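Here's the letter readout for the chains.
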Amino acid sequence: MQWLFACVDEIQKFDFMNILHTSDWHIGKRLMGRERLAEQEAVLDEIARICESEQVDLVLVAGDVFDTYLPSAEAEELFFRAVKKIAGERRAVAIVSGNHDDGVRLSAAAPFLGEAGVYLFCNTPKKIPLGGRGVCAVEAGDYYAVFANEAGEKVYVNALPYPNEARFREERTEESFPDKIERWIARGEEGFRGDMPYILLSHLFAAGGKSGESERGIELGGARAVPLECFRRGYTALGHLHRRQIFKNNVRYSGSILQYAFDEANTEKSVVLLRTRGTETEVLKEIPLTAGKRLVRLECNGAEQALRLLPQYPDCYIELTLHLSAPLASAETEALKGANEGLISLITQVTAETTAVPVGRSRMSEEELFGEYYRSLYGEPPAEELKTAFLMLLGEGA
């Protein structure tokens, strides 16, 4: 009887596909000058382990694998190493380019990555290799692929990379942006016959989405916001916005893999696990990502309170806002930095006593006034060269 149950479990294991949705890796991205490659490697390793433990067949990466058009050699090396590890021996990985990615540069690696089960979709289409692995593309066009696992379960992926300016100029410039998106989505559906689950994989700004401090180049004024009505079919796996977000019609942002700006402090990062059933795709769960340092925003009334609080947040990056009645002294600034090496942003807000300020300042020299103002902004006195330059400019204007 136990043998029979094992056989049933083995059969049922293959009547669906497990799919992982992730996005916005931003490999190479720094935080106020701090290198984060080690954290990015750790969280990508965590994603690879999740793929193994959840028996994932297909991984969808919705753009912005790099943070810049010209990533460092170390960032590129990490990407190739991580994506091959995520693909493993049998898994497929489908990637669309984002607005931070150079699609031409990224797609140059398509032939090499295709052998490892990694499929790249950029604005200039490349031929998609078919077959060759446990989970692989069995049918493909310029902007779509049908993926199948060993049991023949299939899913249709409509891949729409972030439309770059060259693509806008080349195709029907008189069209509105939503009309272009509608047409490009329709183009990616040209091989869809309705007999399998459908997923739109893209890097776009959905209307109503909430952007944050870490997203550069988000479209202003809604001119390039995509109406939700454009996402009519199946599941839409989006990248671009760094907070995980859910909209109607099964439209989701998985969010970035790390907290990349302080407005994301205390927000949980995760990936989305999907499962196909018949011709449908359902969301099974969001799986938290735990690797990488947390970002913390703190506010304190004075340096003394901050010195007690900072040690309570080890192995974090910290933005500290201090409410003061007088500018910080140099020794206080150094003490704060020494209290936690993760303190990378110090904001001072000085509220001086109104009765004392007019009298004190009236007796100050221009150099002393400049020094006080500088300390109120940066929490430390200005360098001698900066004071000299200020006094020279003041003299020229006199």
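Look a little higher up for the structure.
Because the structure is predicted, anything quoted here is derived from the model rather than measured.

Analysis parameters
Residues numbered from 1 in each chain as written. Predicted model: local features only at pLDDT ≥ 70, side-chain atom pairs only at ≥ 80, totals over all residues. Heavy atoms only, no water. Helix = DSSP H or I, 4+ residues; strand = E, 2+ residues; numbered from the N terminus. Polar contact = N/O pair within 3.5 Å; in protein donor to acceptor, adjacent residues only side chain to side chain. Expected span 1.5 Å × (residues − 1). Buried < 20%, exposed > 50% of the residue type's maximum accessible area, 1.4 Å probe, protein only. Contact = heavy atoms within 4.5 Å. Salt bridge = Lys/Arg side-chain N within 4 Å of Asp/Glu carboxyl O. 1 Å grid on protein atoms, 1.4 Å probe; cavity = no way out; pocket = protein on both sides within 12 Å on 5 of 7 lines; lining within 4 Å. Points joined across faces, edges and corners; volume = space filled by probe spheres on them. Pairing = 2+ DSSP bridges. Axes fitted to C-alpha atoms, helices over the stretch in contact; angles between N-to-C directions.

*Asks:* Looking at this model, I keep getting lost on the side chain of K269. Mind explaining?
*Replies:* Mapped onto the fold, K269 is located in strand 12 (residues 269-277). A polar contact is formed between the side chain of K269 and the backbone oxygen of H242, at a distance of 2.6 Å. For K269, the side chain forms a polar contact with the side chain of S256, separated by 3.0 Å.

*Asks:* Looking at this model, I keep getting lost on helix 2 (residues 37-53). Mind explaining?
*Replies:* Along an α-helix, residues three or four positions apart point the same way, because every turn accommodates 3.6 residues. Counted at 1.5 Å a residue, the expected span for helix 2 with its 17 residues is 24 Å, and the 24 Å between its end C-alpha atoms agrees. Within the span of helix 2, buried status applies to L37, E39, Q40, V43, L44, E46, I47, A48, I50 and C51. Tucked into the core, helix 2 has its buried residues touching strand 1 (18-22), strand 2 (58-61), helix 3 (73-87), strand 12, strand 13 (280-289) and strand 15 (316-324). Positive backbone phi, at 50°, marks Q55, one or two positions downstream of helix 2.

*Asks:* Is there a simple way to think about the environment of R252 in this case?
*Replies:* Turning to its location among the elements, R252 is positioned in strand 11 (residues 251-253). C-alpha separation for the pair R252 and A206, spaced 46 residues apart in sequence, amounts to 9.6 Å. Aside from chain neighbours lying at most four places away, what touches R252 is H21, Y235, T236, A237, L238, Q245, I246, V272, V283 and E286. Engagement of the side chain of R252 in a polar contact is seen with the side chain of E286, the distance being 3.0 Å.

*Asks:* Is there a simple way to think about the pattern of salt bridges in this case?
*Replies:* Side chains that differ in charge, positive against negative, can pair when their charged atoms come close. Per the counting criterion, the structure on display carries 28 salt bridges. Residue E175 is joined to K180 by a salt bridge in which the shortest nitrogen-to-oxygen separation is 4.0 Å. Among the residues examined, E175 registers a relative accessible area of 18% and is labelled buried. A relative accessible area of 4% places K180 in the buried class. Its salt-bridge partner being R244, residue E286 comes within 3.3 Å of it at the nearest N-O pair. With a gap of 42 residues between them, E286 in strand 13 and R244 in the loop between strand 9 (235-239) and strand 10 (245-247) connect regions that are remote in the sequence. Judged by relative accessible area, which is 33%, R244 ranks as partly exposed. If you follow the salt bridges from partner to partner, you end up with R244, R252, E268 and E286 in one network.

*Asks:* Where do I start with empty space enclosed by the protein in this structure?
*Replies:* Take a probe with the size of a water molecule and roll it over the atoms, and the empty space left behind shows itself. In this structure the tally under the stated criterion is one cavity of 30 Å³ or more. For the largest cavity, the calculated volume is near 40 Å³. Lining the largest cavity, in full, are F66, T68, Y69, P71, D101, D102, R105 and L106.

*Asks:* Is there a simple way to think about the sheet that holds strand 15 in this case?
*Replies:* Pairing between the strands of a sheet comes from backbone hydrogen bonds, and it takes one of two forms, parallel or antiparallel. Taken in spatial order, the three strands line up as 14-15-16 in an open sheet, and their pairing is parallel. Each of the sheet's edge strands pairs with one partner strand only, and the pair in question is strand 14 (294-301) and strand 16 (343-350). When strand polarity is set aside, the average angle formed by the axes of neighbouring strands in this sheet is 15°. The pairing of strand 14 with strand 15 spans eight bridges and is parallel. Along strand 15, the bridge assignment pairs V296 with I318. Across the sheet, helix 9 (residues 330-339) lies against strand 15 and strand 16, angled at about 145° from strand 16, the strand it touches most.

Remember, this is a structural readout, not a statement about activity or role.
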